[in-house]
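# Understanding the architecture of this molecule
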Amino acid sequence: MLPFAHIAAALRHRNYRIYIAGNAISMVGLWTQRVATGWLTWELTQSGAWLGAVAFADLCPSLIIGPFAGVVADRVDRLKVMRVAQTLSMLQALALAALALSGLVTIGMLLVLVLVNGVVVGFNQPSRLALVSSLVPRANLSTAVAVNSITFNLARFVGPAVAGVLIVTAGVGAAFAVNALSFLVFLIALARIRLDRDAAAVRPKVRRGVLPEIGEGLRYVSGHAGIGPLLLLSTATGMGLRCVVELFPGFAADVFGRGAGGRAPLGSAGGVGAVAGGLWLAQRGAAPGLARIALRHSLFTALAVLLFAATDWFWAGLVAAAASGVFMSTSGIAAQTVVQIAADPGMRGRTLSVYGLIMRAAPAAGALLLGLASEIADLRLPLVLSAIACLYIWLHLWRRRDAIDAALADPPEAQDSSEFKRDAGA
């Protein structure tokens, strides 16, 4: 098969093409705002603890909202949920732009607005993750998840560069305004998606209360011998390794001595690495062995983060950031794909709500803890210790790899792909 033929096959589906185009632009806006938020926090406070606190405010609401959002994703039209969420996030970006451009922004205002958006994103996350399986057939799901990751991580390259130019030439307010515009583009794309049947939600035949359904989802995830261990690994790497991205401003300024000019290259190096990892998995297609990839590449992520924390040479830090980007991307894509495929369709929204909760809240908790620890020690020692802890958990799960593979070997029945055949090439 020709290189990237699997990517071409996924993009033949009209709904997925529209979605990925709008999502790509939205992701550039998201990363532009994330860099602007981090730099504005540093300008206002000069504090690693505040960097961690703002990152925590952005990501932690998923802890509370995520389980409820998972029930909603299994009950209602996921497209409608996404449209409402994108509208609210656009308004939040406009508010940040107005405050920053007027010079009225304070760290308290910034924290509150970041927290509000964290709530919106936490509610949207399960629907956003689960919608992909409604846009492509199962044979293309692994590639579709990888392409999503590629767009996200290309944005990690483009977004920081855009943010750097805007911050220097027009101020952080302009970066927030660009993000608001990107949300508008994504809303237009979502309005053009058409599903032949109600594939945007799997409606349970028997509805119980919301809390019992949350409990049912949590029992399903924790009791699954394949999904449970992968989510435990994602939790450990999220708290101990992925949070390094949130600490880049502090490393750029205090460890590497590069200031604002150092933050963008670090983010871009991680983004380039993640794109490379995503392309490798996307061209691989639906080949088996994704669970083993998730396990092995989590080990490589830990080693790359250890290198990043151990050096004060900027160029070595760039190499380590790129390597960590490669392996964070491949391990995360592999884990998400396996979870999507292995989850029972009626549990997919709730299962992905747990996955999304982990991917958002675990780095936030890690950034907060490491930021607080940096007030006692420097930024580097806490990161080294967290990477060592991740290696211990990885070793425990690697010893159980055969049992994990066996539990994932017989996924639920594949979806009827007739609608996707009609959609392809439309």
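Residues numbered from 1 in each chain as written. Predicted model: local features only at pLDDT ≥ 70, side-chain atom pairs only at ≥ 80, totals over all residues. Heavy atoms only, no water.

### Thoughts on the pattern of salt bridges
Worth spelling out the cut-off: We define a salt bridge as a side-chain nitrogen of Lys or Arg found within 4 Å of a carboxyl oxygen belonging to Asp or Glu. Strands here are runs of E lasting at least two residues and helices are runs of H or I lasting at least four, both read from the DSSP assignment and numbered beginning at the N terminus. Per-residue accessibility, obtained with a 1.4 Å probe over protein chains only, is compared with the maximum for each type, and a residue is labelled buried under 20%, exposed over 50%, and partly exposed between these values.
Using the criterion set out here, one finds 3 salt bridges in the structure. With a closest N to O distance of 3.0 Å, Glu216 and Arg350 form a salt bridge. Of this pair, Glu216 sits in helix α9 (residues 210–223) while Arg350 sits in helix α15 (residues 348–374), and the two are 134 residues apart along the sequence. We classify Glu216 as partly exposed; its relative accessible area is 22%. When its relative accessible area of 6% is taken as the criterion, Arg350 is described as buried. Notably, a salt bridge pairs Arg292 with Asp402, separated by 2.8 Å at the nearest N-O pair.

### Examining the packing of aromatic side chains
Convention followed: Under the pairing criterion, centres of Phe, Tyr and Trp rings, with the six-membered ring standing for Trp, must be within 6.5 Å; the plane angle then separates stacked pairs below 30 degrees from edge-to-face pairs above 60, leaving the rest tilted. Should the NZ of a Lys or the CZ of an Arg lie within 6 Å of a ring centre and within 35 degrees of the ring normal, that charge is described as sitting over the ring.
Per the counting criterion, the structure on display carries 9 aromatic pairs. Considering the side-chain rings of Phe314 and Trp315, the 5.8 Å spacing of their centres and the 70° angle between planes classify their relative orientation as edge-to-face. Residue classification places Trp315 among the exposed residues on the basis of a relative accessible area of 52%. Taken together through their ring pairs, the aromatic side chains of Phe248, Phe251, Phe256, Phe308, Phe314 and Trp315 make up a single cluster. Above the face of the Trp31 ring, Arg34 is positioned so that its terminal group lies 4.5 Å from the ring centre.

### Section: helix α10 (residues 227–240)
To keep it simple, the criterion reads: A helix is expected to span 1.5 Å for every residue after the first. We call two residues contacting when some pair of their heavy atoms lies within 4.5 Å.
An ideal rise of 1.5 Å per residue puts 20 Å on 14 residues; α10 measures up with 20 Å between its terminal C-alpha atoms. Among all positions in α10, only Ile227, Gly228, Pro229, Leu230, Leu231, Leu233, Ser234, Ala236, Thr237, Gly238 and Gly240 are buried. The secondary structure elements touched by the buried residues of α10 are α9, α13 (290–310), α14 (314–342), α15, α16 (380–398) and α17 (401–407).

Any functional reading would require information that these geometric values do not contain.
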